[in-house]
Amino acid sequence: RKGGFAHYMLKEIYEQPQSFYETIRAGIDDRVRRMVMEADEITLVACGTSYHTALVFKYLAEPLCGIPVRVEVGSEFKYFTPPLHGLVIAVSQSGETADTIAALKMAKARNCPTLAITNMQGSTVTRVADETLLMRAGPEIGVAATKSYTAQLAALMQIVNLRCEGAFDDALSHAHLAIGDVLLQDIHEAVALCSKAEHVFFVGRGPFYPVSMEGALKMKEISYVHAEGYAAGELKHGPFALLTPETPVVAVCTPGPTYGVMASNIKEMKARKAPVIALGVAGDTELAEIVDIFIPIPNTHHLVQVLTASVVLQLLAYHTACALQRDVDKPRNLAKSVTVE
Ligand code: M6R
């Protein structure tokens, strides 16, 4: 059933070109389109990895579509419900996460239009929400969310694209090819560094900040190496004290408005003797020269870089966990879906 792969997680990582493509191909039906187009504000509720995709959405939708977006952790929302206005979207792979369901019910009780983004047709969130946008990831067996994460991004990026009148049609319809390319990326040096480390920092700016949070979550949950995802500019406000030659920092640094300031942050980390593993676009020799390990991702549209960087970080966590002989598909103390609040 693992199709020749050592673990379900690796199989599912490799299925991402297909699951991303299928989710884009399925599109958005008319009722959901109308709901999304009518929204003048969007609140997303989610937990764990799904919370990270929701944050990526915020970083994309606010500047690109000019729509205010709020993102709330499901477990907080029920007890500290913010004043609600506009569309509420519950993002949940399983559709059965208790905290996300509770938040969704609160939104319904306040008469907000509600949308579920899920991988599971017929799941609880689909029954509670007014409308459903179904991801096409197929069954995900590994506890670590991988293909469901990128399929959620496919669904959420389609919403951004819809609000931007199809500006990203081309990027989204070719993204699966770039995802396929990074599956073959050699990352063994980075894996060797992380598997010797007690702590690893993951940093990025803009949408790469939640991508870093997700990279850190994957690292902790399957390799048990302590990892923190940070906004790159925040390390100097405390965590710098933890930087040592044994504390790698994984930095995502791609072209765009924050490239220069990211490069300065990387130099500051190097000055504190931390080894830096940088993900940057292929051919960026300037970046490659200032870091210890450079991992190239294809030089594509920045929406696509969000996906390819994420997949590289999944592979980094996976191979680190394997090097440490962890039970990758069934990490300790975790369940695939969390059905208690
Ligand atoms: O099924 P959901 O998307 O609602 O699950 C939420 C989290 O429990 C989940 O994303 C979890 O963080 C991942 N399995 C971690 O890889």
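Here is what the cut-offs are and how they apply
Residues numbered from 1 in each chain as written. Predicted model: local features only at pLDDT ≥ 70, side-chain atom pairs only at ≥ 80, totals over all residues. Heavy atoms only, no water. UniProt positions renumbered as here; feature names shortened; annotations may be inferred. Helix = DSSP H or I, 4+ residues; strand = E, 2+ residues; numbered from the N terminus. Rg over C-alpha atoms; globule rule 2.2 N^0.38 Å. Buried < 20%, exposed > 50% of the residue type's maximum accessible area, 1.4 Å probe, protein only. Contact = heavy atoms within 4.5 Å. Lys, Arg positive; Asp, Glu negative; His and termini not counted. Charge placed at Lys NZ, Arg CZ, Asp CG, Glu CD. Expected span 1.5 Å × (residues − 1). Arc of directions from axis to C-beta. Polar contact = N/O pair within 3.5 Å; in protein donor to acceptor, adjacent residues only side chain to side chain. Axes fitted to C-alpha atoms, helices over the stretch in contact; angles between N-to-C directions. Parallel < 35°, antiparallel > 145°, perpendicular 65-115°, else oblique. Left-handed = near helix turned anticlockwise from the far one by under 90°. Nonpolar A, V, L, I, M, F, W, Y, C, P; charged D, E, K, R; others polar. Near = heavy atom within 4 Å. Areas by Shrake-Rupley, 256 points an atom, 1.4 Å probe, with all protein chains shown as cover. Pairing = 2+ DSSP bridges.

- The chain appears in an unreviewed UniProt entry as Glutamine--fructose-6-phosphate aminotransferase [isomerizing] from Methanoculleus chikugoensis.
- Quoted verbatim from the Subcellular location (unreviewed entry) field of UniProt, the annotation for the chain is "Cytoplasm".
- Per UniProt, the chain has the following entry under Catalytic activity (unreviewed entry): "D-fructose 6-phosphate + L-glutamine = D-glucosamine 6-phosphate + L-glutamate".

1. Some thoughts on the overall build of the chain
And step 1. Along its length, the chain carries 14 helices and ten strands.
And step 2. For the chain, whose C-alpha radius of gyration is 19 Å, the value lies close to the compact-globule estimate of 20 Å for 341 residues.
And step 3. With 341 residues in all, the chain has 57% of them scored as buried.
And step 4. Restricting the contact set of the chain to residue pairs at least 6 apart, pairs at least 24 apart contribute 74%.
And step 5. Charged side chains of the chain number 30 positive and 36 negative; the gap between the two group centres comes to 5 Å.

2. Examining unusual backbone geometry
And step 1. Notably, glutamine 325 is not glycine yet its phi reads approximately 55°, a positive angle.
And step 2. Relative to the assigned elements, glutamine 325 resides in the segment after α14 (302–323).
And step 3. On the basis of relative accessible area, glutamine 325 is assigned to the exposed category, the value being 72%.
And step 4. Positioned with a positive phi, asparagine 333 is a non-glycine residue whose angle comes to about 70°.
And step 5. Looking at the secondary structure, you find asparagine 333 in the segment after α14.
And step 6. For asparagine 333, a relative accessible area of 75% puts it in the exposed group.

3. Section: the environment of histidine 7
And step 1. Relative to the helices and strands, histidine 7 is located in the segment before α1 (8–14).
And step 2. Taking C-alpha positions, histidine 7 is 9.8 Å from cysteine 322, a pair spaced 315 residues apart along the chain.

4. Looking at helix α6 (residues 98–109)
And step 1. With twelve residues, α6 extends 16 Å between its outermost C-alpha atoms, agreeing within 8% with the 16 Å of an ideal straight helix rising 1.5 Å per residue.
And step 2. Asparagine 111 sits one or two positions beyond α6 and adopts a positive phi of about 65°.

5. A short note on helix α3 (residues 30–38)
And step 1. Every buried residue belonging to α3 is among Val32, Met35 and Val36, and all of these are buried. The buried side chains of α3 occupy one side of the element, clustering within an arc of 95° when seen end-on. Along α3, exposed side chains directed more than 90 degrees from the buried face belong to Asp30 and Glu38.
And step 2. Buried-residue contacts for α3 involve β3 (87–92), β4 (114–118), β5 (131–134) and α8 (147–163).
And step 3. Where α3 starts, the residue carrying a side-chain oxygen 3.1 Å from the main-chain nitrogen of arginine 31 turns out to be aspartate 29.

6. As for the packing of helix α4 (residues 48–65) against α8
And step 1. For the pair α4 and α8, interaxial distance at closest approach is 10 Å and the crossing angle is 20°. With respect to α8, the axis of α4 lies roughly parallel. Where α4 crosses over α8, the handedness of that crossing is right-handed. On α8, the residues that touch Thr49, Ser50, Thr53, Ala54, Val56, Phe57, Leu60, Ala61, Leu64 and Cys65 of α4 are Tyr149, Gln152, Leu153, Leu156, Met157, Ile159, Val160 and Arg163.
And step 2. Residue composition of the contact of α4 with α8, by class: 13 nonpolar, four polar and one charged.

7. A look at the site of the ligand
And step 1. Of all residues adjacent to the ligand, which total 13 residues, the nearest are Ser50, Ser92, Ser94, Thr97 and Glu221.
And step 2. Taking threonine 49, its main chain carries an N or O atom lying 3.1 Å from an oxygen atom of the ligand.
And step 3. Here glutamine 93 contributes a backbone N or O atom positioned 2.7 Å from an oxygen atom of the ligand.
And step 4. For the ligand, the protein covers 90% of the area, taking 410 Å² as the surface of the free molecule.
And step 5. Contributing elements (two or more residues each) for the shell around the ligand: α4 and α11 (208–223).
And step 6. For the shell around the ligand, the class distribution of residues is four nonpolar, seven polar and two charged.

8. Side note on the sheet that holds β3
And step 1. The strand order β2-β1-β3-β4-β5 describes an open sheet built from five strands, whose pairing is parallel. Edge positions in the open sheet fall to β2 (69–73) and β5, since each of these has one partner strand only. Between one strand and the next, the sheet's axes are offset by a mean angle of 20°, whatever the strand orientation.
And step 2. Note that strand β1 (residues 42–46) and β2 share five bridges and pair parallel. Looking at the pairing, alanine 46 lines up with valine 73 of β2.
And step 3. Contacts from α4 reach β1, β2 and β3, with the element oriented near 170° to β2.

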